[in-house]
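Okay, here's what each chain looks like letter by letter:
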Amino acid sequence: MIIFGKNTVREAILQKKPIKTIYLTHDKIINEFQKMGVKIPNDKIMIISPKQMDEIAKGNHQGIACEVEEYKYLTLNEIVEKNKNKENVSLIMLDGLEDPHNLGAILRTADATGMEGIIIPKNRSVSLNQTVAKVSTGAIEHVDVVQVTNLVQTLETLKKEGYWVIGLEMEGSVDYKKQDYTGKNVIIIGSEGKGISRLVKEQCDFMINIPMVGHVTSLNASVSASIIFYEILRQRG
């Protein structure tokens, strides 16, 4: 996988992610990284033209890209085991989210607010790719992501592990600020337009809403996620 952008590549280096090649359009970036306390391995560097960079990095690459291993997903059992001794755990389930920019932004806010992980389905959903990595500005290296085949079965398993399921919908019966997010819970955010699918919604213990007083009746999924994440952080104190 090719990832690009200074923050994204910097975090990959800092987290010791296996890197095959680092592509640069000029060697001044090496000095920029050194000033930030990050050493670019000399044996990995390849200087290429801006045109070549544009061809391998489809976005605002800032003159740097690198070839890395595909991002690895945790299993559901791994993330449950990792958080079993924590008093407060919030896992975020994304139901049908297809926009990589939304997932990247959600990862960034999840890292900022200390959410314990993101759950996405394998089918009809965005996965971890170079656009997600770029938009997350490095947060992709810090937030656990689980990819599952069946959201309903996943929720059934988490309920057995003591998790409460909270769905975010326009017609949710509880104002999001009045919901208790302490303890272990799964927050479900649906796709824009379709919302949460029917079978997943049936697994919810609580349905919350974000009040809106304007003319537009929906929020971007990443914006909705940010609002909920910061309320969870506030309640955790």
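Residues numbered from 1 in each chain as written. Predicted model: local features only at pLDDT ≥ 70, side-chain atom pairs only at ≥ 80, totals over all residues. Heavy atoms only, no water.

Visitor: Can you walk me through the side chain of aspartate 144 in this structure?
Guide: Mapped onto the fold, aspartate 144 is located in the loop between helix H6 (130–135) and strand E7 (145–148). Under the relative-accessibility criterion, aspartate 144 is labelled buried at 15%. A polar contact of 2.6 Å, which involves the side chain of aspartate 144, links it to the side chain of lysine 82. Residues within four places of aspartate 144 in sequence aside, it is in contact with Leu74, Ile79, Lys82, Glu116, Gly117 and Ile118. (Helix = DSSP H or I, 4+ residues; strand = E, 2+ residues; numbered from the N terminus. Buried < 20%, exposed > 50% of the residue type's maximum accessible area, 1.4 Å probe, protein only. Polar contact = N/O pair within 3.5 Å; in protein donor to acceptor, adjacent residues only side chain to side chain. Contact = heavy atoms within 4.5 Å.)

Visitor: It is not clear to me how the packing of helix H5 (residues 100–113) against helix H9 (residues 221–236) should be interpreted in this structure. Could you clarify?
Guide: Working note: a packed helix pair is described by the angle between its axes plus the distance between those axes. Running from amino to carboxyl end, H5 crosses H9 at an angle of 10°, the nearest separation of the two axes being 9 Å. Judged by the inter-axis angle, H5 sits roughly parallel to H9. Between H5, through Asn102, Ala105, Ile106, Thr109, Ala110, Ala112 and Thr113, and H9, the contact on the second element is made entirely by Ala221, Ser222, Ala225, Ser226, Phe229, Tyr230 and Leu233. Looking at the contact of H5 with H9 residue by residue, the class counts come to nine nonpolar, five polar and no charged. (Axes fitted to C-alpha atoms, helices over the stretch in contact; angles between N-to-C directions. Parallel < 35°, antiparallel > 145°, perpendicular 65-115°, else oblique. Nonpolar A, V, L, I, M, F, W, Y, C, P; charged D, E, K, R; others polar.)

Visitor: Honestly, the sheet that holds strand E3 (residues 45–47) in this entry has me stumped. Any pointers?
Guide: Note on sheets: strands pair through backbone hydrogen bonds, and any given pair is parallel or antiparallel. Overall, mixed pairing links the four strands, which are arranged E1-E4-E2-E3 in an open sheet. Because the sheet does not close on itself, it has two edges, and the strands there are strand E1 (2–4) and E3. The sheet shows a mean angle of 25° between the axes of neighbouring strands, direction not considered. Pairing of E1 with strand E4 (residues 64–68), which is carried by three bridges, proceeds in the antiparallel orientation. Paired with isoleucine 2 across the two strands is glutamate 67, which belongs to E4. Its contacts with the sheet place helix H1 (residues 6–14) against E1, strand E2 (19–24) and E4, and it is angled at close to 115° to E1. (Pairing = 2+ DSSP bridges.)

Visitor: For this particular structure, what's the right way to read the packing of aromatic side chains?
Guide: A ring pair, where both rings are aromatic, is described by two values, the distance of the centres and the angle of the planes. The tally for this structure, following the rule as stated, stands at one aromatic pair. The interplanar angle of 50° and the centroid separation of 5.8 Å between the aromatic rings of tryptophan 164 and phenylalanine 206 together place this pair among those described as tilted. Remark: phenylalanine 206 occurs in strand E11 (residues 206–209) and tryptophan 164 occurs in strand E8 (residues 164–168); sequence separation between them is 42 residues. We classify phenylalanine 206 as partly exposed; its relative accessible area is 32%. Between lysine 17 and the ring centre of tyrosine 71, over which it is positioned, the NZ or CZ distance is 4.0 Å. (Phe/Tyr/Trp six-rings, centres within 6.5 Å; stacked < 30°, edge-to-face > 60°. Lys NZ or Arg CZ within 6 Å of the ring centre and 35° of its normal.)

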